[in-house]
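Given next are the chains, with one letter for each unit.
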Amino acid sequence: MSATSTAASGSGETVASSTSTGAVDGQELWVSVGEAAATPVDEDSFWYVMEKWREHPEFIWRAVAHCEVARQDNPNVVTRKIIPKECAGGSILYDTVTFVKTSEIASATFSPIVADGPTPWKLFPKFYPKVKHLSFVFALLPKSPEPVPPNPLPGVFPSTSLTTSGSGSATTSSTITNENVEKTSAPPGLAPVTSINSETASATENRGKKKMPKVKKGCDTSTSPPLPLVSALSVKVVFFPEPGDSYVANMKTIAAKSLKKLQRWALTRGTYKKTAVHDQLIPKYDYVQKYEQLKKKYCHWVDEWKTRKQTQKYVYEDIGIASYFICLCEAERKVTGQTALQRFVDLGCGNGFLVNILTSEGYPGYGIDLNERVVWNGYNRETTKLVVQQFDPSRESLLDTDWIIGNHADELTPWISVVAAHSNYNVKFLSIPCCFHDFSGRFHGNDHNQGRYKTYLQWLEQVAETCGYQAERDYMRIPSTKNVCLVGRRRTFPESDSAAAEQIQQQIRDMLAKYPQFVIREIGAKNRPQHSHRHIPPTNDPGNSPQDSGSTTTTTTTTATGITAQQQEQQPHSNQPTTSTPTIGPYQQQTTQQQQQQPPTDP
């Protein structure tokens with residue numbers, strides 16, 4: 001920030017009207033567009049918020065994808081390169097963020113870098129304020145202020161006051177008193193300070209059955225002692241020449257919202273705890289860029305969907321999952337150096353939209369489901385391979401693939417890591433759990449200290465570790481309450497260690513021995529099976545037992561076309577690739593009296 005702007009941020013700036021030309025005698029004219037005259041925000045909390053906003057402009061502007069440091073002369077002066085999201089449009093903008101601290105004030109000033117011209121603000125992206133400089137100013141109040149009364153409503157922070165002038169002008173005062181606080185009015189978007197007396201309290205109690213304000217998750221709403229008023233916050237700007245009344249009114253609204261957010265962030269600095277940590281496996285910027293590309297390419301499906309269900313949720317959720325999977329694959333190719341796109345299989349593909357996106361982006365793969373959906377008819381079936389067939393995870397394995405995807409796969413969810421372990425050492429998996437299923441029925445575990453969903457996720461992680469995978473958990477940015485995914489990219493033992501591989505197979509066998517045999521649904525079954533229907537009747541009742549003592553044990557292998565190896569032997573003239581019979585896991589080598597062959601239906 002220049003010397004003139006530094007001086008203007010102090011208490012001696014010139015008062016200007018909304019029709020000012022932006023300069024007086026060659027010096028830039030600072031205008032106060034909003035002020036919180038008395039707040040409990042301390043200086044450390046102020047700098048904490050300013051540093052967050054400097055490093056992450058996407059926290060205050062949703063249209064921003066991320067920013068990069070273009071130049072840094074010293075820790076207090078940083079030039080940023082702000083990159084907007086692809087869907088937001090606009091060009092890349094450079095600005096300079098300057099931190100200044102004196103004995104009287106502390107300020108953070110944001111100054112866009114633009115070319116000179118008659119209307120330079122027209123080159124700004126839509127999200128950036130149309131001003132020369134935008135400064136957040138922190139100033140300490142005089143000693144011995146009056147404390148804020150206890151807050152009558154949980155989750156609502158102590159009230160603050162913003163001072164603005166009447167219509168047409170904006171002013172600031174160098175001294176702030178309690179009398180000023182009581183008489184000031186607030187700009188749009190933030191309530192003024194009012195002392196909470198007995199009349200106000202009684203009015204609050206007599207509001208009837210109005211809903212209490214929602215408390216932000218992670219905030220501490222316990223009763224706390226009154227917070228002293230220690231500072232004043234303000235937003236000051238330098239307009240371009242002839243800004244117009246609309247720009248002034250717009251900046252007052254932006255200032256009110258910004259001050260409100262600044263105080264909320266500062267007061268929850270030590271109490272707010274984020275429960276969902278995103279972007280653990282892939283960078284946020286990579287995911288956002290990929291999501292914006294796919295969203296622009298496939299959002300037309302919102303209008304072309306063949307059903308009347310939650311169209312937007314299905315479309316945007318699968319676009320988010322596809323973006324996440326593609327970013328995982330791209331990161332893997334950078335590490336391994338391979339150029340070919342990874343192969344995949346989507347078990348329980350449902351509407352098949354995820355398969356449609358991935359195959360349209362060039363990833364070879366297919367989806368398996370028990371029922372054909374109406375929306376399948378809208379896909380290009382030459383590229384989007386969707387197969388209607390039964391899949392028995394206790395008998396079948398997948399050799400001709402690199403990734404196994406379980407996107408809300410219902411009863412197949414706990415089997416995803418098991419099928420991957422039995423398929424190939426290099427097969428990886430991506431699972432997005434939804435409904436609670438174990439290997440033979442409904443999952444009933446529930447740790448009341450953390451909830452049933454997290455209990456189920458921990459159990460799935462234990463299953464993956466039993467299968468020899470390093471389970472990685474991440475929160476996905478998708479429009480779903482079940483937005484946690486489990487990723488198995490690495491094994492816990494080297495491929496050359498045959499003893500460890502045998503031990504893993506023994507662990508899997510011991511784990512599955514605790515559950516009844518898995519029973520697959522029939523093709524075309526519309527209703528999901530109840531947990532009571534998925535248990536095998538006692539074997540001592542031959543009339544009710546589905547096992548056939550004369551049946552033989554067979555393990556089938558599904559290829560990338562959805563055709564099993566057994567079916568390929570019956571089609572010698574087929575041009576589909578063939579695969580060798582996989583190594584049968586120890587748990588599959590059971591007695592013939594306890595198994596029944598169920599060959600997949602020809603797609």
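Here the structure is a predicted model, which means the values were calculated and not measured.

Draft legend 1. Structural context of the overall build of the chain. Helix and strand counts for the chain come out as 13 helices and 20 strands. Evaluated residue by residue, the chain yields a buried proportion of 47% over its 603 residues. Considering only residue pairs separated by 6 or more positions, the chain has 68% of its internal contacts joining residues 24 or more positions apart. For the chain, the exposed surface amounts to about 30400 Å²; the carbon and sulfur share of it is 49%.

Draft legend 2. Quick look at unusual backbone geometry. Positive phi outside glycine occurs at D279, with the angle close to 60 degrees. Its place among the elements puts D279 in the loop between α5 (245–267) and α6 (284–298). What makes D279 partly exposed here is its relative accessible area of 26%. Within the chain, H408 stands out as a residue other than glycine whose phi angle is a positive 50 degrees. Mapped onto the fold, H408 is located in the loop between β16 (403–407) and α10 (416–423). H408 sits in the partly exposed class, given a relative accessible area of 22%.

Draft legend 3. Spatial organisation of the nonpolar core. Judged by nonpolar contacts, the single largest core of 42 residues is most densely connected at L347 and I404. Among the secondary structure elements, those contributing two or more residues to this core are β12 (344–347), β13 (365–369), α10, α11 (452–466), β18 (469–475), β19 (484–491) and α12 (498–512). If you tally residues by element for this core, the top one is α11, at seven residues. In this structure, I404 is in contact with V345, L347, L398, I416, V419, A420, S423, V427, K428, F429 and L430, ignoring residues within four places of it in sequence. Grouped together as the second largest cluster of nonpolar side chains are 40 residues, Y287, V315, F344 and C485 included.

Draft legend 4. Inspection of the pattern of salt bridges at higher detail. A complete count under the given rule lists 17 salt bridges for this structure. One salt bridge connects D400 with R343, and the closest N-O pair in it is separated by 2.5 Å. Highlighted residues: D400 in the loop between β15 (397–398) and β16 and R343 in the loop between α8 (311–336) and β12, separated in sequence by 57 residues. A salt bridge links E411 to R521, with the nearest nitrogen and oxygen atoms 2.9 Å apart.

Rules and cut-offs
- Residues numbered from 1 in each chain as written.
- Predicted model: local features only at pLDDT ≥ 70, side-chain atom pairs only at ≥ 80, totals over all residues.
- Heavy atoms only, no water.
- Helix = DSSP H or I, 4+ residues; strand = E, 2+ residues; numbered from the N terminus.
- Buried < 20%, exposed > 50% of the residue type's maximum accessible area, 1.4 Å probe, protein only.
- Contact = heavy atoms within 4.5 Å.
- Areas by Shrake-Rupley, 256 points an atom, 1.4 Å probe, with all protein chains shown as cover.
- Core = buried A, V, L, I, M, F, W, Y, C linked by side-chain atoms within 4.5 Å.
- Salt bridge = Lys/Arg side-chain N within 4 Å of Asp/Glu carboxyl O.

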